[in-house]
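If you want the building blocks of each chain, they are given just below.
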Amino acid sequence: MSELVIDAPPTPPVAFSDSAVAKVSELMAEEGNPNLKLRIYVTGGGCSGFSYGFSFDEAAKEEDFLIEKNGVTLLIDTMSLQYLAGAEISYEEGLEGSRFVIKNPNATSTCGCGSSFSV
């Protein structure tokens, strides 16, 4: 008896939620630039050791990992990807305001504002 093997697309190392995709798409439309891509990166600093950063770029760099969803591209450099593997990027609106949120399983602790972490 032979087995049927179906190649499934690889699971991206970072989940990019529908809410984040919708917000980035909205920001791209406001800027009038369909070439914008959301870059997420990790830098040293912050009250817990590492900080998340967000910016827009028009072009990916050679070392970038790209995740595309519904016409929106997320860029993560290879250094940052090691700290973000398994994370979920979402966008939330609430009483405290609206912001991109990173749920990172690699973070052993975070600061109160959620923008810095330690591993």
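In the block above lies the structure referred to throughout.
Residues numbered from 1 in each chain as written. Predicted model: local features only at pLDDT ≥ 70, side-chain atom pairs only at ≥ 80, totals over all residues. Heavy atoms only, no water.

Asker: Before we go on, may I ask you to explain the pairing of strand β6 (residues 88–94) in this structure?
Answerer: Looking along a regular strand, one sees side chains alternate from face to face of the sheet. Examined bridge by bridge, strand β1 (residues 15–16) and β6 share two bridges and lie parallel to one another. Across the sheet, the residue bridging to Ala-15 is Glu-88, located in β6. Pairing of β6 with strand β7 (residues 97–103), which is carried by seven bridges, proceeds in the antiparallel orientation. Its bridge partner being in β7, Ile-89 is matched across the sheet by Ile-102. (Pairing = 2+ DSSP bridges. Helix = DSSP H or I, 4+ residues; strand = E, 2+ residues; numbered from the N terminus.)

Asker: Hey, could you run me through unusual backbone geometry in this one?
Answerer: Trans is the prevailing form of peptide bonds, just as negative phi is the prevailing case for residues other than glycine. Residues other than glycine seldom take positive phi values, yet Asn-70 does so here, at roughly 50°. With respect to the helices, strands and loops of the structure, Asn-70 is situated in the loop between β4 (64–69) and β5 (72–77). Overall, the relative accessible area of 64% leaves Asn-70 in the exposed class. (Buried < 20%, exposed > 50% of the residue type's maximum accessible area, 1.4 Å probe, protein only.)

Asker: Any chance you could explain the packing of aromatic side chains here in plain terms?
Answerer: Under the defined criterion, the tally for this structure stands at three aromatic pairs. When the ring of Phe-50 is compared with that of Tyr-83, the centres are 4.7 Å apart and the planes differ by 40°; the resulting orientation is tilted. Taken together, the positions of Phe-50 in strand β3 (residues 50–57) and Tyr-83 in helix α2 (residues 78–84) put the pair 33 residues apart, joining distant regions of the chain. The exposure class assigned to Tyr-83 is buried, which follows from its relative accessible area of 19%. Pairing Phe-54 with Phe-100 gives two aromatic rings, centres 5.4 Å apart and planes at 25°, and the pair type is stacked. Here Phe-100 lies in strand β7 and Phe-54 lies in strand β3, a separation of 46 residues in the sequence. With a relative accessible area of 32%, Phe-54 lands in the partly exposed category. (Phe/Tyr/Trp six-rings, centres within 6.5 Å; stacked < 30°, edge-to-face > 60°.)

Function-wise, these values are silent; they only describe arrangement.
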